[in-house]
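Given next are the chains, with one letter for each unit.
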Amino acid sequence: MDKRRVHTDPQHYSWLTQRLSPPSPIAKGLWNAFWVGGTICVLGQALSDVGTRLLLLTARDASTFASIVLVFLTALLTGVGVFDRLGKLAGAGTFVPITGFANAMVAPALEFRREGLVLGLGARLFTIAGPVLVYGVGASVLVGVIYAFIIG
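Being a predicted model, the structure only gives us computed values, none of them experimental. (Residues numbered from 1 in each chain as written. Predicted model: local features only at pLDDT ≥ 70, side-chain atom pairs only at ≥ 80, totals over all residues. Heavy atoms only, no water.)

Caption draft 1: Region of the structure containing the overall build of the protein. What the protein contains, in helices and strands, is 9 helices and 0 strands. Considering the protein as a whole, with its 152 residues, one finds that 20% of them fall into the buried category. Here the contacts in the protein between residues at least 6 apart in sequence split such that 48% fall between residues at least 24 apart. Element-wise, carbon and sulfur atoms account for 71% of the exposed surface of the protein, whose accessible area totals about 11300 Å². (Helix = DSSP H or I, 4+ residues; strand = E, 2+ residues; numbered from the N terminus. Buried < 20%, exposed > 50% of the residue type's maximum accessible area, 1.4 Å probe, protein only. Contact = heavy atoms within 4.5 Å. Areas by Shrake-Rupley, 256 points an atom, 1.4 Å probe, with all protein chains shown as cover.)

What follows is the structure, encoded as structure tokens:
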């Protein structure tokens, strides 16, 4: 048999991946994602409740407060290396809530902090967030212009 054919044959590839891939404990992964993601959501709800009841914020301001605190805590925990270990344990349970965005911003910046504040930390901070911010600002300008023509 031709060596190139062995490597491109879908059946051989499927057999090879099943043989070399470690088994994934699905039930354990689902449980960890559920309880960690749920705990993050409960923390967010608790922060929102603290905002409305103790800080006397409006519901909108309290949800903004909760988001800011969650992003800050995630950035802090990423900086000290705790959030990455939590991410390995819970997978998408940590990255689906708003905490995933904060981790995606801070982690690349920490990898390149040795290159200096501007070229390392500053440039890498927006590796993931840059496109999100560009599209967000661009879409908001476009919606604003359309809104101005329709209403104005």
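Caption draft 2: Up close: helix 3 (residues 26–53). Between its first and last C-alpha, helix 3 extends 40 Å over 28 residues, near the 40 Å set by a 1.5 Å rise per residue. Among the residues of helix 3, Asn32, Val36, Gly37, Ile40, Gly44, Leu47, Ser48 and Gly51 are the ones counted as buried. Close packing links the buried residues of helix 3 with helix 4 (59–79), helix 5 (82–90), helix 6 (92–95) and helix 7 (99–111). (Expected span 1.5 Å × (residues − 1).)

Caption draft 3: Here's a closer look at the packing of helix 3 against helix 4. In the contact formed by helix 3 and helix 4, the axes pass within 8 Å of each other and the chain directions differ by 135°. The orientation of helix 3 relative to helix 4 falls into the category oblique. Of the two possible hands of crossing, helix 3 and helix 4 adopt the one that is right-handed. Only Ala59, Ala62, Ser63, Phe65, Ala66, Val69, Leu70 and Leu73 of helix 4 make contact with helix 3, whose side of the interface consists of Ile40, Leu43, Gly44, Leu47, Ser48, Gly51 and Thr52. Taken together, the residues that form the contact of helix 3 with helix 4 break down as 10 nonpolar, 5 polar and no charged. (Axes fitted to C-alpha atoms, helices over the stretch in contact; angles between N-to-C directions. Parallel < 35°, antiparallel > 145°, perpendicular 65-115°, else oblique. Left-handed = near helix turned anticlockwise from the far one by under 90°. Nonpolar A, V, L, I, M, F, W, Y, C, P; charged D, E, K, R; others polar.)

Caption draft 4: Structural view of the packing of aromatic side chains. Taken as a whole and assessed by the stated rule, the structure comprises 2 aromatic pairs. Relative to phenylalanine 34, the ring of tryptophan 31 lies with its centre 5.8 Å away and its plane at 35°, an arrangement referred to as tilted. Here phenylalanine 34 and tryptophan 31 lie together in helix 3, a separation of 3 residues that amounts to about one turn. For tryptophan 31, a relative accessible area of 51% corresponds to the exposed category. Judged by centre distance (5.9 Å) and plane angle (80°), the ring pair of phenylalanine 83 and phenylalanine 95 falls under edge-to-face. Linking phenylalanine 83 in helix 5 with phenylalanine 95 in helix 6, this pair joins segments that are 12 residues apart in sequence. (Phe/Tyr/Trp six-rings, centres within 6.5 Å; stacked < 30°, edge-to-face > 60°.)

Caption draft 5: Representation of unusual backbone geometry within the structure. Unlike most non-glycine residues, leucine 56 shows phi in positive territory, near 55°. Along the chain, the position of leucine 56 falls in the loop between helix 3 and helix 4.

Caption draft 6: Inspection of helix 4 at higher detail. Taking 1.5 Å as the rise per residue, helix 4 with 21 residues should run 30 Å; its terminal C-alpha atoms sit 30 Å apart, in good agreement. Residues of helix 4 that are buried: Ala62, Ala66, Leu70, Thr74 and Thr78. Burial along helix 4 is one-sided: seen end-on, the buried residues are contained in an arc of 135°. Residues of helix 4 that are exposed and point more than 90 degrees away from the buried face comprise Arg60, Ile68 and Phe72. Summarising the contacts, the buried residues of helix 4 are in contact with helix 3, helix 5 and helix 7. Downstream of helix 4 by one or two residues, glycine 81 has phi in the positive range, about 90°. (Arc of directions from axis to C-beta.)

Caption draft 7: Representation of the side chain of threonine 99 within the structure. With respect to the helices and strands, the residue threonine 99 is situated in helix 7. Engagement of the side chain of threonine 99 in a polar contact is seen with the backbone oxygen of threonine 94, the distance being 2.7 Å. The residues contacting threonine 99, other than those within four sequence positions of it, are Ile40, Leu70, Thr74, Phe83 and Thr94. (Polar contact = N/O pair within 3.5 Å; in protein donor to acceptor, adjacent residues only side chain to side chain.)

Caption draft 8: Seen up close, the confidence of the model for the protein. Of all residues in the protein, 88% have pLDDT values of 70 or greater, and the mean over the chain is 84. Averaged over each element, pLDDT in the protein is lowest for helix 1 (residues 3–8) (56) and highest for helix 3 (95). (pLDDT = per-residue confidence, 0-100.)

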